[in-house]
Amino acid sequence: MSNDLLRFEDEYLARYYSKKPINIVRGYMQYVWDSGNNKYLDMHTGFGVAFLGHRNPRIVNAIKEQLDKIITVPLTFYNDVRAEFIREFMRVVPNSFGKVFLQNSGTEAVEVALKIARKISGKAEFLAFMNSFHGRTMGSLSVTGNEKYRKAFEPLPYKVRFAPFNAVDQVDKLVTEDLAAAIVEPIQGEGGVNPAKQNSLGRLGR
Ligand SMILES: Cc1ncc(COP(=O)(O)O)c(C=O)c1O
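Residues numbered from 1 in each chain as written. Predicted model: local features only at pLDDT ≥ 70, side-chain atom pairs only at ≥ 80, totals over all residues. Heavy atoms only, no water.

S.K.: It is not clear to me how the overall build of the chain should be interpreted in this structure. Could you clarify?
M.R.: Each helix and strand counted, the chain has eight helices and eight strands in total. The C-alpha atoms of the chain give a radius of gyration of 21 Å, which is well past the 17 Å a tight globule of 206 residues would have. The principal-axis extents of the C-alpha atoms in the chain amount to approximately 60 × 40 × 30 Å. Counting every position in the chain, which comprises 206 residues, the buried fraction comes to 25%. Within the chain, the 22 negative side-chain charges are centred at a point lying 3 Å from the centre of the 28 positive side-chain charges. (Helix = DSSP H or I, 4+ residues; strand = E, 2+ residues; numbered from the N terminus. Rg over C-alpha atoms; globule rule 2.2 N^0.38 Å. Buried < 20%, exposed > 50% of the residue type's maximum accessible area, 1.4 Å probe, protein only. Lys, Arg positive; Asp, Glu negative; His and termini not counted. Charge placed at Lys NZ, Arg CZ, Asp CG, Glu CD.)

S.K.: For this particular structure, what's the right way to read a nonpolar patch on the surface?
M.R.: A cluster of nonpolar side chains, namely Phe51, Leu52, Ile59, Ile63, Leu67 and Ile71, defines an oily patch on the protein surface of about 660 Å² accessible area. Here Leu52 lies in the loop between β3 (39–41) and α2 (57–67). (Patch = residues over 30% accessible without salt bridge, like charges linked within 9 Å, V, L, I, M, F, W, Y side chains within 5 Å. Areas by Shrake-Rupley, 256 points an atom, 1.4 Å probe, with all protein chains shown as cover. Salt bridge = Lys/Arg side-chain N within 4 Å of Asp/Glu carboxyl O.)

S.K.: Sorry if this is basic, but what is going on with the pattern of salt bridges here?
M.R.: Between side chains of opposite charge, a pair can form as their charged atoms come close. One pass over the structure, following the stated rule, counts eight salt bridges. Among the ionic pairs, Lys19 bridges to Glu9, the shortest N-O distance being 2.4 Å. Taken together, the residues Lys19 in the loop between α1 (7–12) and β1 (24–28) and Glu9 in helix α1 connect sequence positions ten residues apart. On the accessibility criterion, Glu9 (36% relative accessible area) is partly exposed. It is possible to trace a salt-bridge network through shared partners that takes in Arg87, Glu88 and Arg91.

S.K.: What is the right way to read the site of the ligand from this model?
M.R.: Lining the immediate surroundings of the ligand are Ser105, Gly106, Thr107, Phe133, His134, Gly135 and Glu185. A distance of 2.8 Å is found between an oxygen atom of the ligand and a backbone nitrogen or oxygen belonging to Gly106. One of the backbone nitrogen or oxygen atoms of Thr107 is found 2.9 Å away from an oxygen atom of the ligand. Within the complex, 56% of the 390 Å² of free accessible area of the ligand lies under protein. (Near = heavy atom within 4 Å. Polar contact = N/O pair within 3.5 Å; in protein donor to acceptor, adjacent residues only side chain to side chain.)

S.K.: Help me understand helix α4 (residues 106–121), please; the structure alone is not making it clear to me.
M.R.: Because the α-helix completes a turn every 3.6 residues, residues three or four places apart line up on one side. Helix length check: α4 (16 residues) gives 22 Å between terminal C-alpha atoms against 22 Å at 1.5 Å per residue, within 8%. Buried within α4 are the following residues: Thr107, Val110, Glu111, Val112, Leu114 and Ala117. Where the residues of α4 are buried, they touch β4 (125–129), α5 (138–142) and β6 (179–182). Positive backbone phi, approximately 70°, marks Gly122, located one or two places after α4. (Expected span 1.5 Å × (residues − 1). Contact = heavy atoms within 4.5 Å.)

In structure tokens form, the structure reads like this:
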């Protein structure tokens, strides 16, 4: 890997991941290539960001078509493509989902969920799980059950009780009158790829 330009990443990019000495320059579907034209099967998928693969022609064409029309339309106007997306999205989520709140990232979605729970319930506490990961902004960090991410930012804005993942009996003990909502990953990712037991999720919903 010899490219003088890359040192700018080392010198100026905030370092919060350790880095492999590979310069990825292009991708196609499930593969990526480095600057030496070595081909890799992409099992990293940019932490899930590229889980649909790279440069899938259908996705590339759809993006190009939209870029040629208009890039952004605020929510103060209608937009037919956005409406089509919402129609398709509502087809795949459970019927009980009433509204969509479009966000740019996972951590923003969690922030919105916490705020909505707080506003609707009028309560201030949350229940979350040990080893969970919900994002790096302050609200999401509050419900993230891993000391490694939280430590430097405490005190965090929300009061949160953490239950052991999949320990249904302990969840019951932590449900109090002050609880606004519980937040859970159906499959913990950061915590070690731990699927939630079906009965534990069902119990949480009641
Ligand atoms: C379960 C879960 N929630 C939220 C997030 C935060 O998402 P983002 O990195 O898009 O902010 C992640 C990221 O890995 C995640 O795994």
